[in-house]
Amino acid sequence: MTSMETATAPADPEREPGRPAMLRVQAAGDPADWAAGARDGLRAALDEHGAVLVRGLGLHDTDGVAAVLGRLAAEPVTERETFAPRRTYSPGVHSSSPWPPNQPMCMHHELSYAIGFPGLLLFACLSEPTAGGATGLADASAVLGALPRELTARFEREGWLLTRNYNGEVGATVAEAFGTDDREAVERYCHDHAIACAWQPDGGLRTTQRRSAVVRHPADGRPCWTNQIAFLNEWTLAPEVREYLVDEYGPDGLPFNTRYGGGEAVGEDVVRLINSVYEEHTVRRPWQAGDLLLVDNIRTAHSREAYEGPREVVVAMASPTRPDTCSQTIEVGSR
């Protein structure tokens, strides 16, 4: 998170078992002005807890979210390598990722496979659902400590591989993911961001990148299980979806999949184990309209429950994190 200098600090957040830290504020005046005055206090709370929910701020539109982001003095992150197109309201401020309301979204760290991934996330609830829809949170350092040491040691040695197949039919297109469909520009981006790429005979694009599974937090050096190994693995897909995609594109043509850094497949048992550990360490609070949730994207993973009714939660991504600040692996994976 970037510097948030201020002379005014908010009160200490409330803590309850099974729930993230929450700071109650009085909804008076401009939320952006409050954020400017609370920068240092929010920074301290985020350093201590990894995520803080601010309740009572009264955010009600995307312009307000952009203003809060600006007053926190956090550099916006331009999203690249997205998996699904979403609306951009202003620099760094986007709609939620399109995901079926009746399906949960598993734990992950936003864009953790990208160089310059956001160190800070702001989630703002503009409209709360009638049921479900909470954003779950899990401490990445605690998750690392709870996973079997032999598993995490292997991932520390090898890193993890992400393979993507852009086929123009499922997920983001090349243009949506890279901001252009010019082949030379795409290849240049991949080269600059340590991604191996190869154009396929059918015109599609296949990419592979190797990243660290365990990242040291730049603030205090604590090791964190910061990756998307389970979230982007074939075994996290609903069985019927996985079966359809394998039948349609073949086992090597899936829109995305993850492997050990050496190239060996990650088994279904490992994916289930990782997701079960996440669940054991998940805390959550139901959304209320006007809420603001700040998340340290290195230290804290997030998820989304299935929900019913209207739900509008926008996300702001900021504080691009370079590999040299957190020892992230940036080696190019095999094609």
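Residues numbered from 1 in each chain as written. Predicted model: local features only at pLDDT ≥ 70, side-chain atom pairs only at ≥ 80, totals over all residues. Heavy atoms only, no water.

A.B. asks: Go over the pattern of salt bridges, please, and point to the residues and values.
C.D. replies: The full count for this structure, using the stated rule, is 17 salt bridges. Between Glu234 and Arg242 there is a salt bridge whose closest N-O contact spans 2.9 Å. Residue Glu268 is joined to Arg272 by a salt bridge in which the shortest nitrogen-to-oxygen separation is 2.8 Å. Within this pair, Glu268 and its partner Arg272 are both found in helix H9 (residues 268–280), separated by 4 residues, close to a single helical turn. The exposure class assigned to Glu268 is partly exposed, which follows from its relative accessible area of 30%. Residues joined by salt bridges that share partners form a network here, namely Glu16, Arg19 and Arg285. (Salt bridge = Lys/Arg side-chain N within 4 Å of Asp/Glu carboxyl O. Helix = DSSP H or I, 4+ residues; strand = E, 2+ residues; numbered from the N terminus. Buried < 20%, exposed > 50% of the residue type's maximum accessible area, 1.4 Å probe, protein only.)

A.B. asks: How would you explain the sheet that holds strand E11 (residues 196–199) if you had to name every residue and give the values?
C.D. replies: One open sheet holds the 4 strands; their spatial order is E11-E12-E10-E15, and the pairing between them is antiparallel. A single partner strand is all that each edge strand has here, and the edge strands are E11 and strand E15 (256–260). This sheet shows a mean twist of 15° between the axes of neighbouring strands, independent of strand direction. Across 5 bridges, strand E10 (residues 160–166) lies against E15 in antiparallel orientation. Residue pairing across strands places Thr163 opposite Asn257, the latter belonging to E15. The strands touched by helix H5 (residues 149–158) are E10, strand E12 (205–211) and E15; relative to E15, the strand with the most contacts, the crossing angle is about 100°. (Pairing = 2+ DSSP bridges. Axes fitted to C-alpha atoms, helices over the stretch in contact; angles between N-to-C directions. Contact = heavy atoms within 4.5 Å.)

A.B. asks: Quick one: what's the story with the side chain of Asp296, residue by residue and with numbers?
C.D. replies: Checked against the element boundaries, Asp296 lands in strand E17 (residues 292–296). Here the side chain of Asp296 touches Ile298 through a polar contact of 3.0 Å, landing on its backbone nitrogen. Polar contacts involving the side chain of Asp296 include one to the main-chain amide nitrogen of Arg299, which spans 3.1 Å. For Asp296, the contacting residues outside a window of four places in its chain are Leu46, Gly50, Gly119 and His217. (Polar contact = N/O pair within 3.5 Å; in protein donor to acceptor, adjacent residues only side chain to side chain.)

A.B. asks: I'd like a description of the environment of Gly116, backed by residues and values.
C.D. replies: Within the element layout of this structure, Gly116 appears in the loop between strand E6 (105–108) and strand E7 (117–127). Along the primary structure Gly116 and Glu280 are separated by 164 residues, whereas in three dimensions their C-alpha atoms are 29 Å apart. In contact with Gly116, not counting residues within four places along its chain, are Val77, Pro320 and Thr321.

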